[in-house]
Amino acid sequence: MSTLTEKVQASSLQFRATRSTAARVAAEREAILADPGFGKHFTDHMVSIDWTLERGWHDAQLKPYGPLSLDPAASVLHYAQEIFEGLKAYRHQDGSIWTFRPQANAERLQRSARRLALPELPTDIFIESIRQLVQADADWVPSAPETSLYLRPFMIANESFLGVRSAQRAAYYVIASPAGPYFAKGVAPVSIWLSTEYARAGKGGTGAAKCGGNYAASLLPQRQAYDNGCAQVLFLDTQENKYLEELGGMNVFLVCKDGTLLTPELSGSILEGVTRSSIIQLARDRGHRVQERKVSAQEWRDGFASGEIVEAFACGTAAVITPIAALKGPGFVAGDENAPAGELTMSLRKELTDIQYGRVADRHGWLTRLA
Ligand code: COI
């Protein structure tokens, strides 16, 4: 049930806005914002844009948040033709709302679309879709430290057809979820489980795309990680079963005792994280050497044992920068599960979040104002 329909001219598409008549009252919203957790609560509105082969992108709408109606034969339900993104809206001290490097997310969504044979959404429409939603649900952007509004753009193939080919009909959506820390323990150090049995992605596969299928492949090994007291699973390459790729849902960095940062090179099966590339930039700005190269699990284990590797951390939009205390696997623990967070890890985390929350100058021009 909704009223108040208006038309807003976005760059190259006109958005039709229909306001929710069932928006949560302020007290209910404030109770959620006081303890948002991660990915549990959703705002009052969403965006949808349709695509067909004949018409291209059309019918852009800001509308009340609610269930999708899908034909049971919709191709996404059978062949997993789906991609997504993750970025955040941050409230600054003066009340304004900003997002971080949205062009990078738009471009990655386009790369993912190419790999999954979905239509590419132009960057201006991607950014406008986020702006529309955040402006409508601005009251849902929390202001407490370490909180934000997590934005989840995604695209599905929704043609009703069971033949296996790329769909000729698709839809793009954006939903938003107020967020605190991704891990239940906050920014406290976590342990990581090395999966020796399962892989996330292989050569020529979809590992560099942000598609649901990659995450589906991570769920069973992720459960094994939990069963072994670890917060995330770590995957190795599929050719030699030796080199670090990425965690279930984030990239990984190691810090050497001479201040060099190591992170797995973009092998074609690793997601190019926006947080990953921002950290590389910030570390280089400080004069740290950053090596994007093959890093073996053995090098990490030996480095932790010898003191050559002194810190490790996970990074991603959701996790920001989360310290890693130990790497565990069948029959071994490298590092100390109770070790405190690393100094460089926490200082990079502070610098990155200071930029995102507008507490220091945005010297790289990474912020875009949304409201
Ligand atoms: C993100 O960091 O935005 C992701 O997509 C990772 C997911 C585990 C929430």
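Residues numbered from 1 in each chain as written. Predicted model: local features only at pLDDT ≥ 70, side-chain atom pairs only at ≥ 80, totals over all residues. Heavy atoms only, no water.

(A) How the structure looks around the pattern of salt bridges. Throughout the structure, instances matching the rule amount to 22 salt bridges. Salt-bridge contacts for Arg 359 lead to Asp 354; the nearest nitrogen and oxygen are separated by 2.7 Å. Given the relative accessible area of 49%, Arg 359 is considered partly exposed. One network of salt bridges, in which partners are shared, links Asp 285, Arg 286, Glu 351 and Arg 363. (Salt bridge = Lys/Arg side-chain N within 4 Å of Asp/Glu carboxyl O. Buried < 20%, exposed > 50% of the residue type's maximum accessible area, 1.4 Å probe, protein only.)

(B) Representation of the side chain of Asp 137. Looking at the element boundaries, Asp 137 is found in the loop between α4 (123-136) and β8 (148-157). Although buried, Asp 137 forms no salt bridge, and the nearest oppositely charged side chain, Arg 19, lies 6.4 Å from it. Engagement of the side chain of Asp 137 in a polar contact is seen with the side chain of His 45, the distance being 2.8 Å. With residues up to four places along the chain from it excluded, the contact list for Asp 137 reads Thr 43, Asp 44 and His 45. (Helix = DSSP H or I, 4+ residues; strand = E, 2+ residues; numbered from the N terminus. Lys, Arg positive; Asp, Glu negative; His and termini not counted. Polar contact = N/O pair within 3.5 Å; in protein donor to acceptor, adjacent residues only side chain to side chain. Contact = heavy atoms within 4.5 Å.)

(C) Quick peek at the packing of aromatic side chains. By the definition in use, this model includes 11 aromatic pairs. Considering the side-chain rings of Phe 38 and Tyr 182, the 4.8 Å spacing of their centres and the 75 degrees angle between planes classify their relative orientation as edge-to-face. Linking Phe 38 in the loop between α1 (26-34) and β3 (45-52) with Tyr 182 in the loop between β9 (169-179) and β10 (190-194), this pair joins segments that are 144 residues apart in sequence. Note on Phe 253 and Phe 313: the rings are 5.0 Å apart at their centroids and 10 degrees apart in plane angle, and the pair reads as stacked. Of this pair, Phe 253 sits in strand β13 (residues 251-256) while Phe 313 is found in strand β16 (residues 309-316), placing the two residues 60 residues apart along the sequence. Phe 313 matches Phe 253 in its accessibility class, with the two residues each being buried. Chaining the aromatic ring pairs together yields one cluster made of Phe 38, Tyr 150, Tyr 182 and Phe 183. Looking at Lys 294, its charged tip hangs above the ring of Tyr 243, at a distance of 5.7 Å from the centre. (Phe/Tyr/Trp six-rings, centres within 6.5 Å; stacked < 30°, edge-to-face > 60°. Lys NZ or Arg CZ within 6 Å of the ring centre and 35° of its normal.)

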